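Understanding the architecture of this molecule
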Amino acid sequence: MKTIYLLFIIFFLLINYQLFSQNSRSGKIGIGYIGDFTNKSNDLSLSFWVNDKLILEPELGFQNINVKDNKGTNWRLGLGALICLNDFVVTPYLGGRIKGIFLSGGDKTYND
């Protein structure tokens, strides 16, 4: 009887392993949004899975600025790259991001 239970448990574990294993993520696209209503900051990013380990993330963001009678907009444009460390659903990663910040408002435009 113990052998039957043991075989059933092994069979159950093998079936679950196959059902819940990860498919390839290569070619998939994700979208992300970060917003903050207190300072009207908005960021929109896309995630492009290049392969199962590498993600490229272009990003576009803006923030409305109102100081006294001077209004402006802070524009952010960036590109990020993430390297996933394993193949689990929740995965730790290493990454970096490069951003350009442009400020336009009134009669002048600044960039950094």
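For the structure itself, consult the block above.
Residues numbered from 1 in each chain as written. Predicted model: local features only at pLDDT ≥ 70, side-chain atom pairs only at ≥ 80, totals over all residues. Heavy atoms only, no water.

What follows is about the overall build of the protein. Looking only at helices and strands, one finds 1 helix and 6 strands in the protein. Of the regular secondary structure in the protein, the N- to C-terminal order runs α-β-β-β-β-β-β. Counting every position in the protein, which comprises 112 residues, the buried fraction comes to 21%. Partitioning the contacts of the protein with sequence separation of at least 6, the portion at a separation of at least 24 is 34%. For the protein, the exposed area adds up to about 9,100 Å²; of that, 66% sits on carbon and sulfur atoms. (Helix = DSSP H or I, 4+ residues; strand = E, 2+ residues; numbered from the N terminus. Buried < 20%, exposed > 50% of the residue type's maximum accessible area, 1.4 Å probe, protein only. Contact = heavy atoms within 4.5 Å. Areas by Shrake-Rupley, 256 points an atom, 1.4 Å probe, with all protein chains shown as cover.)

Turning our attention to the packing of aromatic side chains. Across all of its chains, the model carries 1 aromatic pair by this definition. Relative to tryptophan 75, the ring of phenylalanine 62 has its centre 5.7 Å away and its plane inclined at 45 degrees; by these criteria the two rings are tilted. Of this pair, phenylalanine 62 sits in strand E3 (residues 54-67) while tryptophan 75 sits in strand E4 (residues 70-84), placing them 13 residues apart in sequence. (Phe/Tyr/Trp six-rings, centres within 6.5 Å; stacked < 30°, edge-to-face > 60°.)

Let us now look at the environment of glycine 95. Along the chain, glycine 95 turns up in strand E5 (residues 93-105). The exposure class of glycine 95 is exposed, given its relative accessible area of 57%. Spatially, the C-alpha atom of glycine 95 lies 8.7 Å from that of cysteine 84, the residues being 11 residues apart in sequence. Excluding its chain neighbours within four sequence positions, the residues that come into contact with glycine 95 are Ala81 and Leu82.

Quick look at a nonpolar patch on the surface now. Nonpolar side chains collect at one region of the surface, where Ile29, Ile31, Tyr33, Leu44, Leu46, Phe48, Val50, Leu56 and Leu79 lie side by side and expose about 850 Å² of accessible area between them. Within the residue set of the nonpolar patch, elements represented by two or more residues are strand E1 (29-36) and strand E2 (41-49). (Patch = residues over 30% accessible without salt bridge, like charges linked within 9 Å, V, L, I, M, F, W, Y side chains within 5 Å. Salt bridge = Lys/Arg side-chain N within 4 Å of Asp/Glu carboxyl O.)

Further remarks concern the pairing of E2. Looking at chain direction, E1 and E2 are connected through 8 bridges and run antiparallel. Its bridge partner lying in E2, isoleucine 34 is registered against aspartate 43. As paired strands, E2 and E3 are joined by 7 bridges and run antiparallel to one another. Pairing of asparagine 42 across the sheet is with phenylalanine 62, part of E3. Turn length for the E2-E3 hairpin, with the two strands adjacent in sequence and antiparallel, is 4 residues. (Pairing = 2+ DSSP bridges.)

This is a description of form; function is not addressed.
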